[in-house]
Amino acid sequence: MSERALGRLIRVELRDIWISESADFTPWLAREENLAILAETLGLELELEAQEKAVGPFRADILCKDIGSGAWVLIENQLERTDHSHLGQLLTYASGLEAVTIVWIAARFTEEHRSTLDWLNRITDDSFRFFGLEVELWKIGDSAAAPKFNMVSKPNNWSRSVAQAARAIDESELSETRLLQRDYWAELNLALERARGPVSGTRKPQPQSWMNYPIGRTGFSLSAGMLRPKRQVRAELYISNEHAKIFFALLRAQAETVEQELGYPLAWEELPAGRDTRIATYLADADAEDRDDWERQHAWLAARLNDFHRVFGTRVRQLDVESVPRSAE
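This write-up is about the structure you can find in this document. The structure presented is a predicted model; accordingly, all values stated were derived computationally and were not measured.

Conventions we followed
- Residues numbered from 1 in each chain as written.
- Predicted model: local features only at pLDDT ≥ 70, side-chain atom pairs only at ≥ 80, totals over all residues.
- Heavy atoms only, no water.
- Helix = DSSP H or I, 4+ residues; strand = E, 2+ residues; numbered from the N terminus.
- Contact = heavy atoms within 4.5 Å.
- Areas by Shrake-Rupley, 256 points an atom, 1.4 Å probe, with all protein chains shown as cover.
- Pairing = 2+ DSSP bridges.
- Axes fitted to C-alpha atoms, helices over the stretch in contact; angles between N-to-C directions.
- Core = buried A, V, L, I, M, F, W, Y, C linked by side-chain atoms within 4.5 Å.
- Buried < 20%, exposed > 50% of the residue type's maximum accessible area, 1.4 Å probe, protein only.
- Phe/Tyr/Trp six-rings, centres within 6.5 Å; stacked < 30°, edge-to-face > 60°.
- Lys NZ or Arg CZ within 6 Å of the ring centre and 35° of its normal.
- Salt bridge = Lys/Arg side-chain N within 4 Å of Asp/Glu carboxyl O.

**A look at the overall build of the protein chain**
Looking only at helices and strands, one finds 10 helices and 12 strands in the protein chain. Taking contacts inside the protein chain between residues at least 6 apart in sequence as the whole, the part at least 24 apart equals 61%. When the accessible surface of the protein chain is summed, it comes to about 17,600 Å², and 49% of that surface belongs to carbon and sulfur atoms.

**Brief notes about the sheet that holds strand β10 (residues 232-239)**
For sheets, the rule is that strands pair by backbone hydrogen bonds, running either parallel or antiparallel. Here we have five strands laid out as an open sheet, ordered β8-β9-β10-β12-β11, and antiparallel in their pairing. Single-partner strands in this sheet number two, and they are β8 (210-214) and β11 (267-269). When the angles between neighbouring strand axes are averaged without regard to direction, this sheet yields 25°. As defined by bridge partners, β8 adjoins strand β9 (residues 220-227) across five bridges and the pair is classed as antiparallel. For P214, the partnering residue across the bridge sits in β9 and is S221. Across the sheet, helix α7 (residues 176-195) is in contact with β8, β9 and β10; its angle to β9 comes to roughly 125°.

**Focus: the nonpolar core**
In terms of nonpolar packing, the biggest core is built from 44 residues, with L237 and F312 touching the most fellow members. Top contributing element to this core by residue count: helix α10 (residues 294-318), with nine residues. Excluding residues that lie within four positions of it along the chain, F312 makes contacts with I215, L237, L251, V258, L266, W268 and I279. Grouped together as the second largest cluster of nonpolar side chains are 25 residues, L14, I75, L79 and V103 included.

**A look at the packing of aromatic side chains**
Remark: the centre distance and the inter-plane angle together describe each pair of aromatic rings, the angle taken between the planes. All chains considered together, the criterion is met by nine aromatic pairs. Considering the side-chain rings of W104 and F109, the 5.1 Å spacing of their centres and the 70° angle between planes classify their relative orientation as edge-to-face. For the pair W104 and F109, a shared accessibility class is recorded, and that class is buried. Members of the aromatic cluster, joined through ring pairs, are W18, F25 and W28. Between the NZ or CZ atom of K65 and the centre of the ring of W72, over which it lies, the distance is 4.3 Å. Here the basic side chain of R304 rests over the ring of Y264, its NZ or CZ set 4.1 Å away from the ring centre.

**Considering the environment of T177**
As for its placement among the helices and strands, T177 is situated in helix α7. Assessed through its relative accessible area of 32%, T177 is described here as partly exposed. For the pair T177 and P207, spaced 30 residues apart in sequence, the C-alpha separation works out to 8.2 Å.

**Comments concerning the pattern of salt bridges**
The tally for this structure, following the rule as stated, stands at 17 salt bridges. Among the ionic pairs, E111 bridges to R114, the shortest N-O distance being 2.1 Å. You can see E111 and its partner R114 sitting in helix α5 (residues 111-123), three residues apart, about one turn around the helix. Residues E236 and R278 are paired through a salt bridge, measuring 2.4 Å at the closest nitrogen-oxygen approach. One end of the pair, E236, is in strand β10; the other, R278, is in strand β12 (residues 277-283), with 42 residues separating them in the sequence.

**Re the environment of R81**
Topologically, R81 is positioned in strand β4 (residues 72-81). Along the primary structure R81 and I105 are separated by 24 residues, whereas in three dimensions their C-alpha atoms are 9.8 Å apart. Those residues in contact with R81 that lie beyond four places of it in its chain are R108 and T110.

**Some remarks on unusual backbone geometry**
One non-glycine residue, R196, lies in the positive phi region at around 55°. Tracing the backbone through its elements, the reader meets R196 in the loop between α7 and β8. On the basis of relative accessible area, R196 is assigned to the exposed category, the value being 77%. For L271, which is not glycine, the phi torsion reads 50° and is therefore positive. Tracing the backbone through its elements, the reader meets L271 in the loop between β11 and β12. When its relative accessible area of 26% is taken as the criterion, L271 is described as partly exposed.

Printed below as a string of structure tokens:
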């Protein structure tokens, strides 16, 4: 049996790739595919809310929402060894933003700053969480440098709670239907990656009838859904927040332009019985249980999700409830 040659890991200096924290590293980390790497390390699902967010006289690097809980997540970056100045800023930001999850990323943590985060995790209740991560870059031979986040401080019992949450799905008895659903979304992930559009296929497939994808603003999401009794699949922009009806009306006022840009009509569903609203398109005669038809269904869903991101992305971020006359609310 012949031995396979193995490469050798070579460490890359952070400043060789990211010269500036604010101009290089922060914009890199804020990209969806890179934020997903950080989120996986933390055991959270992060959605970007803002970069360089003003908090009093300072500017926080990245502000996110934890999709699972809706809580604020504040990220402070440092391409050097940790220092007292950044620690003070972190606490100022946390107070000013009422952030409940603080993530401090640095090239290296001093023992005193790691101990400070451990102490904060001990003295605060479960609604506050402090993470410390060291970032590294590695490559093999002439390959591109790859990032690696190493956890140096985390909330008490965090690893255990994340593992228990994962096992709640992974180790449960999945029915045949739920296994099919998980497989369906795994295949959609591959179609999204092949499409190379703004919607990433990196989200973990879940054993459920829908999958959500971020569009850049909390309370809004793109979603793919299977409606098995109706033999349909659906792509949609779903609005779920206290101003959903107002935002829906603002978008519907642009319906003619939106549908011209898309090249097909939409179903504008206000869902009057509830708070939320939906803007959708449907593929008929699509049986999600027919694996032989998955390639067609997934190509359609990937195209529609990317269309929605392209046409609605900027519009969603620009929506302003204050622009609506009070009498219209």
